[in-house]
Amino acid sequence: MDPMRRSLMPRGASVALPALAAAAVLAAATACSSASDSPEEPSGTSGRAEESAAPEGSYIATAVGDEVEVRSEPDGGEVVHTLASPNDFGADRTFLVRQVRGGWLEVLLPVRPNGSTGWIEADDVELTATAFRVEIDMSEFSFTVVEGGEELRTGPIGIGTSETPTPPGEYYFTELLRPSDPAGAYGAYAFGLSGHSDTLETFAGGPGQLAVHGTDDESGLGGEVSHGCIRVSNEDITWMAERLPLGTPVEITE
């Protein structure tokens, strides 16, 4: 990653790929385009957390080694997933923490089915806290970024079509990509989400991963236009990219 490109990214987030490669890999891994498209570190606690929720926000767990074992139960349950770090996009593996139990963390997982959780050892990750949250209301075709109890920014969105709907649920940002062409299908930036399409098992050779990404064609905002991803304006996604860390929770409601 070159220093200039790295300087464009928010602290606490990792850029997955050089710009020229990012758009190609994103196209291969996410279910984003419509049918007409061609395909400072947040303040918080490091190490082991107390048995509590993060103050006015959420805990984010970032892997410190080259893999994280996910277990079915705390204190040594069956290993159900072994997730590499960095992930497939080159970003540090992150998780959104649901609860803390001693030296174990229940985390939201970036796997199918959406909403899957598992337990990881606190010693395998570094914990930070964020007060940011992204709320996406599909019925209103709008997003809102909240910090604590304060609404910071809101704007229009495009969502999935009836054939490839955006699945509601609780997700988090898993990587941040900067496509080489801000006028392309994925806009100026794209945040990968921990969720996947319910209707597309694969898309363009990838696993049908969802994303929140920009677009320079704002005519589709306020409508059903995508294969399941959330589209926002390039101005809005750039604002998010400059502020929101990987691990930021994203709630999508119908």
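Cut-offs applied
- Residues numbered from 1 in each chain as written.
- Predicted model: local features only at pLDDT ≥ 70, side-chain atom pairs only at ≥ 80, totals over all residues.
- Heavy atoms only, no water.
- Helix = DSSP H or I, 4+ residues; strand = E, 2+ residues; numbered from the N terminus.
- Areas by Shrake-Rupley, 256 points an atom, 1.4 Å probe, with all protein chains shown as cover.
- Core = buried A, V, L, I, M, F, W, Y, C linked by side-chain atoms within 4.5 Å.
- Buried < 20%, exposed > 50% of the residue type's maximum accessible area, 1.4 Å probe, protein only.
- Pairing = 2+ DSSP bridges.
- Axes fitted to C-alpha atoms, helices over the stretch in contact; angles between N-to-C directions.
- Contact = heavy atoms within 4.5 Å.
- Salt bridge = Lys/Arg side-chain N within 4 Å of Asp/Glu carboxyl O.
- Patch = residues over 30% accessible without salt bridge, like charges linked within 9 Å, V, L, I, M, F, W, Y side chains within 5 Å.
- Lys, Arg positive; Asp, Glu negative; His and termini not counted.
- Charge placed at Lys NZ, Arg CZ, Asp CG, Glu CD.

Asks: Can you lay out the overall build of the chain for me, pointing to particular residues and giving the numbers?
Replies: Scanning the chain from N- to C-terminus turns up 3 helices and 17 strands. On the chain, roughly 10,900 Å² of surface is accessible, and the fraction owed to carbon and sulfur atoms is 45%.

Asks: Lay out the nonpolar core with the relevant residues and their values.
Replies: Membership of the largest hydrophobic core comes to 28 residues, with the highest contact counts inside it found for Ile136 and Met240. With 21 residues, the next largest nonpolar core counts Phe95, Val107, Leu108 and Leu109 among its residues.

Asks: Help me get a handle on the environment of Tyr59, residues and values and all.
Replies: Counting through the fold element by element, Tyr59 comes out in strand β1 (residues 58-63). For Tyr59, a relative accessible area of 7% corresponds to the buried category. Taking C-alpha positions, Tyr59 is 6.4 Å from Leu127, a pair spaced 68 residues apart along the chain.

Asks: Please set out the sheet that holds strand β13 (residues 190-196) residue by residue, giving values where relevant.
Replies: Strand order in the open sheet made by the 8 strands is β10-β9-β8-β17-β12-β13-β14-β16, with mixed pairing throughout. For this open sheet the edge positions go to β10 (150-156) and β16 (230-233), each flanked by a neighbour on one side alone. Along the sheet, successive strands turn relative to each other by an average axial angle of 25 degrees, direction set aside. Pairing of strand β12 (residues 169-177) with β13 involves 4 bridges; the strand directions are antiparallel. Residue Leu177 lies in a different strand from β13, and its bridge partner there is Ala190. Against the sheet, helix α3 (residues 234-241) touches β9 (142-147), β10, β12, β13, β14 (209-215) and β16, its axis set at about 95 degrees to β16.

Asks: Provide a residue-level description of the pattern of salt bridges, including the pertinent values.
Replies: Counted by the stated rule, this structure contains 7 salt bridges. One salt bridge connects Arg133 with Glu170, and the closest N-O pair in it is separated by 2.9 Å. Of this pair, Arg133 sits in strand β8 (residues 132-137) while Glu170 sits in strand β12, and the two are 37 residues apart along the sequence. Under the relative-accessibility criterion, Glu170 is labelled partly exposed at 24%. Close ionic contact of Glu235 with Arg153 constitutes a salt bridge, the shortest N to O distance being 3.6 Å.

Asks: I'd like to hear about α3, residue by residue, with values.
Replies: For α3, the buried fraction is high: 6 of the 8 residues fall into the buried class. Buried within α3 we find Asn234, Asp236, Ile237, Trp239, Met240 and Ala241.

Asks: Lay out a negative patch on the surface in plain terms, naming residues and giving numbers.
Replies: Together, Asp181, Asp216, Asp217 and Glu218 make up a region of like negative charge exposed at the surface. One can find Asp217 in the loop between β14 and β15 (224-226). Relative accessible area serves as the criterion here: at 44%, Asp217 is assigned to the partly exposed category.

Asks: Kindly report on unusual backbone geometry, identifying the contributing residues and their values.
Replies: The phi angle of most residues is negative, glycine excepted, and most peptide bonds adopt the trans form. A cis amide bond links Ser85 to the next residue, Pro86, at an omega of 0 degrees. Following the sequence through the fold, Pro86 ends up in the loop between β3 (79-84) and β4 (94-101). The amide bond that connects Arg112 to the next residue, Pro113, takes the cis arrangement and shows omega of -10 degrees. Summarising the element assignment, Pro113 is placed in the loop between β5 (104-108) and β6 (117-121). Phi is positive for Asp75, which is not a glycine, with a value near 60 degrees.

Asks: Run through the pairing of β10, naming residues and quoting values.
Replies: Relative to β10, β9 runs antiparallel, the two sharing 6 bridges. Along β10, the bridge assignment pairs Val146 with Glu151.

This is a description of form; function is not addressed.
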